[in-house]
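Residues per chain, in single letters:
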Amino acid sequence: MAKQWIYFPLAHEDAKRRLSAKAIAIAQQLKVQQREQERQAKRLAQEQRQRQQKAEEVKRWVANSTDTDLIRAYVKIMLALWSGDTTFSIEPSASHHRSVVAAMRERQIWTEPVSALESRFGSFYDLVMARMGGWSEHGDKVLTSLASAASPSDNSRYAIELMAALASRRPEMTNDQQHAYDQCCASIKKEVAAENPKFQRDPQRQRLHTLLIPALAAPVLASYGTEAHYAKMRNIRTEKERLAKVRSGRIKLVQAGRARQAKAVKDQAITAAIEQVSQRIGWRHFPFEPPNIALLMARYGDKRPPDLRFTNAGAQDVLIVAERHRAEAASVLKALRAMGFTIETDVIVAEQVLVLSGLCVRTR
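As the structure is a computational prediction, the values presented were derived from the model and not from experiment. (Residues numbered from 1 in each chain as written. Predicted model: local features only at pLDDT ≥ 70, side-chain atom pairs only at ≥ 80, totals over all residues. Heavy atoms only, no water.)

## Here's the deal with the overall build of the protein chain
Note the threshold: Secondary structure follows DSSP: runs of H or I at least 4 residues long count as helices, runs of E at least 2 residues long count as strands, and numbering of each begins at the N terminus. Using C-alpha atoms as the atom set, the radius of gyration is obtained and then compared with a globule rule of 2.2 Å times the number of residues to the power 0.38. To sort residues, take the accessible area from a 1.4 Å probe on protein chains only and compare it with the maximum for the residue type: under 20% means buried, over 50% means exposed, and anything in between is partly exposed. Residue contacts follow a heavy-atom distance rule, with two residues in contact if any of their heavy atoms lie within 4.5 Å. For the accessible areas, the method is Shrake-Rupley and the probe is 1.4 Å, while residue cover comes only from the protein chains on display. Neither His nor the chain ends is counted toward charge; the positive residues are Lys and Arg and the negative residues Asp and Glu. To locate a charge, the coordinates of NZ of Lys, CZ of Arg, CG of Asp or CD of Glu are taken.
For the protein chain, the count of helices and strands is 15 helices and two strands. Its C-alpha atoms give the protein chain a radius of gyration of 54 Å, more than 25% over the compact-globule value 21 Å for 364 residues. Projected onto its principal axes, the C-alpha coordinates of the protein chain cover approximately 200 × 55 × 45 Å. Within the protein chain, the fraction of its 364 residues that count as buried is 34%. Long-range pairs, those at least 24 residues apart, make up 73% of the contacts in the protein chain with a sequence separation of at least 6. Approximately 23,300 Å² of the protein chain is accessible, and the part contributed by carbon and sulfur atoms is 55%. With 57 positive and 39 negative side-chain charges, the protein chain shows a separation of 4 Å between the mean positions of the two kinds.

Pasting the structure below:
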């Protein structure tokens, strides 16, 4: 069967109109998309300019800020992060955070890994909470940290800083908290006075802590517990020990001098007494046989008064020395000198022993 064509005179024109309308719609859609892309590009460019402008502002602020301003800004950022605010964890605020940290490193305020500074379990967190944290929420916690630091431990290196940070919070403390705080302060001061090295402030964090806690810049605390303070205390202790040794040496010299003087006076008195006694007595002559010591002691014992006693000598020794010198034809003076008297009164007793025993006689 042959194809049959049906001719529609307006079909061609109708097709042209439909194609034209479709082309116009596509063109309009492309224009809308283009305008949207332009708007997006303008918006992104504007946001980029704003970010750059903000970054420049932050850069200028960081460059012109003081160290104190820098620490205040950093503490503000950390308080936000610690409270759960993620603003400074995403751009563009994250770059501000990095700029502040970079400036702190450049100024040698903080040189250790930033993780040690931003940990919720580190000393910086405790110091910030002690300085400006809500007392009802953090008061007991920071006092517990102070008690731990007040006892020799790994945390004792920032005990002084924590003590200074809590000083301004004392009016907010209860009576029990004030008592606990005062006890911790007394313990810390006692350990520092004892030069306990665990309580020496960390020199690497000293500047950071001083900027965070202005009280540490006061004259009474500026160098307290620092390496220089410990060195000064050691020098003072060493000087005291040196002076004590000097004083002790001088005292010993004075005592030795006085002892020599006293001995000289005593020896002079003994010498004078010996010379006087030697002039008053002389050896008895024995024509037949030499005197027997036992017999001499017996005679002395029979005639000795009850109160006639030696202090540092003995009657028998006196008689033995005297008899030996008499037998050698030595003088009474030499015999008395050989007896080694240490007390003047014993010379007088020896005189009576020699006379009562019959070994000597009075010559005048």
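Anyway, onward from the coordinates.
## Some thoughts on the packing of helix H6 (residues 135-150) against helix H7 (residues 159-167)
Stated formally: Axis definition: a line fit to C-alpha positions, over the contact stretch in the case of helices; interaxial angles, taken between N-to-C directions, run 0 to 180 degrees. Note: crossing handedness is left-handed where the near helix turns anticlockwise from the far helix by less than a right angle, and right-handed where it turns clockwise. Asp, Glu, Lys and Arg are counted as charged, while Ala, Val, Leu, Ile, Met, Phe, Trp, Tyr, Cys and Pro are counted as nonpolar; the rest, among them Gly, fall into the polar class.
Put simply, H6 and H7 touch, their axes get as near as 10 Å, and they point 145 degrees apart. At the point where H6 passes H7, the crossing takes the left-handed sense. Residues Trp135, Val142, Leu143, Ser145, Leu146 and Ala149 of H6 form the contact with H7, whose participating residues are Ala159, Leu162, Met163 and Leu166. Classifying every residue of the contact of H6 with H7 gives nine nonpolar, one polar and no charged.

## Details of helix H13 (residues 315-327)
As a reminder, the rule being used: Helix span, as expected, comes to 1.5 Å for every residue beyond the first.
Compared with the 18 Å implied by 1.5 Å per residue over 13 residues, the 18 Å span of H13 between its first and last C-alpha is a close match. Along H13, the residues classified as buried are Ala315, Val318, Leu319, Val321, Ala322, Glu323, His325 and Arg326. The secondary structure elements touched by the buried residues of H13 are strand E1 (281-283), helix H12 (293-303), helix H14 (332-338) and helix H15 (344-357). Ala329 sits one or two residues past H13 and shows a positive phi near 65 degrees.

## Things to note about unusual backbone geometry
The phi dihedral of Glu195 is positive, around 60 degrees, even though this residue is not glycine. In this structure, Glu195 sits in the loop between helix H8 (175-193) and helix H9 (206-212). With a phi angle near 65 degrees, Ala329 is a residue other than glycine that sits in the positive phi range. Considering the arrangement of structural elements, one finds Ala329 in the loop between H13 and H14. A residue is classified by how much of its surface remains accessible, and Ala329, at 70% relative accessible area, is exposed.

## Looking at the pattern of salt bridges
Here is the rule we go by: The term salt bridge refers to a side-chain nitrogen of Lys or Arg lying within 4 Å of a carboxyl oxygen of Asp or Glu.
Inspection of the entire model under this criterion finds 14 salt bridges. Here Arg207 and Asp67 are joined by a salt bridge, their closest N and O atoms 2.4 Å apart. On the criterion of sequence distance, the pair formed by Arg207 in helix H9 and Asp67 in helix H2 (residues 67-82) is long-range, its members being 140 residues apart. A relative accessible area of 36% means that Arg207 is categorised as partly exposed. In this structure, Lys263 engages Asp267 in a salt bridge whose closest nitrogen and oxygen atoms are separated by 2.8 Å. Separated by four residues within a single helix, Lys263 and Asp267 lie in helix H11 (residues 227-280), roughly one turn from each other. Within this structure, Asp67, Arg107 and Arg207 form a network of salt bridges that share partners.

## Let's talk about the nonpolar core
Using the following cut-off: To form a nonpolar core, buried Ala, Val, Leu, Ile, Met, Phe, Trp, Tyr and Cys residues must be joined to one another through side-chain atoms within 4.5 Å.
Formed by 54 residues in total, the largest nonpolar core has its most connected members in Met104, Phe124, Leu166 and Ile188. Looking at this core element by element, the count peaks at eight residues for H2. Non-local contacts of Ile188, meaning those with residues more than four positions away in its chain, are made with Leu146, Ala150, Ala159, Ile160, Met163 and Phe199. Residues Phe286, Val318, Met339 and Val347 belong to the second largest nonpolar core, which totals 27 residues.

## Observations concerning the environment of Ser148
Relative to the helices and strands, Ser148 is located in helix H6. Classification of Ser148 by relative accessible area gives partly exposed; the value is 32%. Put simply, Ser148 and Glu328 are 180 residues apart on the chain and 87 Å apart in space, counted from C-alpha to C-alpha. The residues touching Ser148, leaving out its near neighbours within four places in the chain, are Ser153 and Asn155.

## Remarks on helix H3 (residues 93-106)
In an α-helix, one turn spans 3.6 residues; hence positions three or four apart end up facing the same way. A rise of 1.5 Å per residue sets the reference length of H3, with its 14 residues, at 20 Å; its end C-alpha atoms lie 20 Å apart and thus fit the reference within 8%. Residues of H3 that are buried include every one of Ser93, Ala94, His96, His97, Val100, Val101, Ala103 and Met104, and no others. Of the residues trailing H3, Gln108 is marked for its positive phi of about 65 degrees.

## Points about the packing of aromatic side chains
Condition: Any pair of Phe, Tyr and Trp rings, taking the six-membered ring for Trp, is counted once the centres come within 6.5 Å. Such a pair is stacked with planes under 30 degrees apart, edge-to-face with planes over 60 apart, and tilted for the rest.
This model, assessed by the stated rule, comprises three aromatic pairs. Between Tyr74 and Phe124, the aromatic rings sit 6.1 Å apart at their centres with planes inclined by 50 degrees, giving tilted as the arrangement. Taken together, the residues span a long stretch of sequence, with Tyr74 in helix H2 and Phe124 in helix H5 (residues 123-132) at a distance of 50 residues. Tyr74 gets classed as buried once you look at its relative accessible area, which sits at 0%. A centroid spacing of 4.8 Å and a plane angle of 80 degrees characterise the contact between Trp82 and Tyr125, whose relative ring orientation is edge-to-face. Of this pair, Trp82 sits in helix H2 while Tyr125 sits in helix H5, and the two are 43 residues apart along the sequence.

## A few points about the packing of H2 against H5
Basically, it comes down to this: The labels follow the angle: roughly parallel below 35 degrees, roughly antiparallel above 145, roughly perpendicular from 65 to 115, and oblique for the rest.
The contact between H2 and H5 brings their axes to 12 Å, and the two run at 100 degrees. The pairing of H2 with H5 is recorded here as roughly perpendicular in orientation. Between H2 and H5, the residues in contact are Tyr74, Val75, Leu79 and Trp82 and Phe124, Tyr125, Val128, Met129 and Met132, respectively. Here the contact of H2 with H5 is built from residues that sort into nine nonpolar, no polar and no charged.

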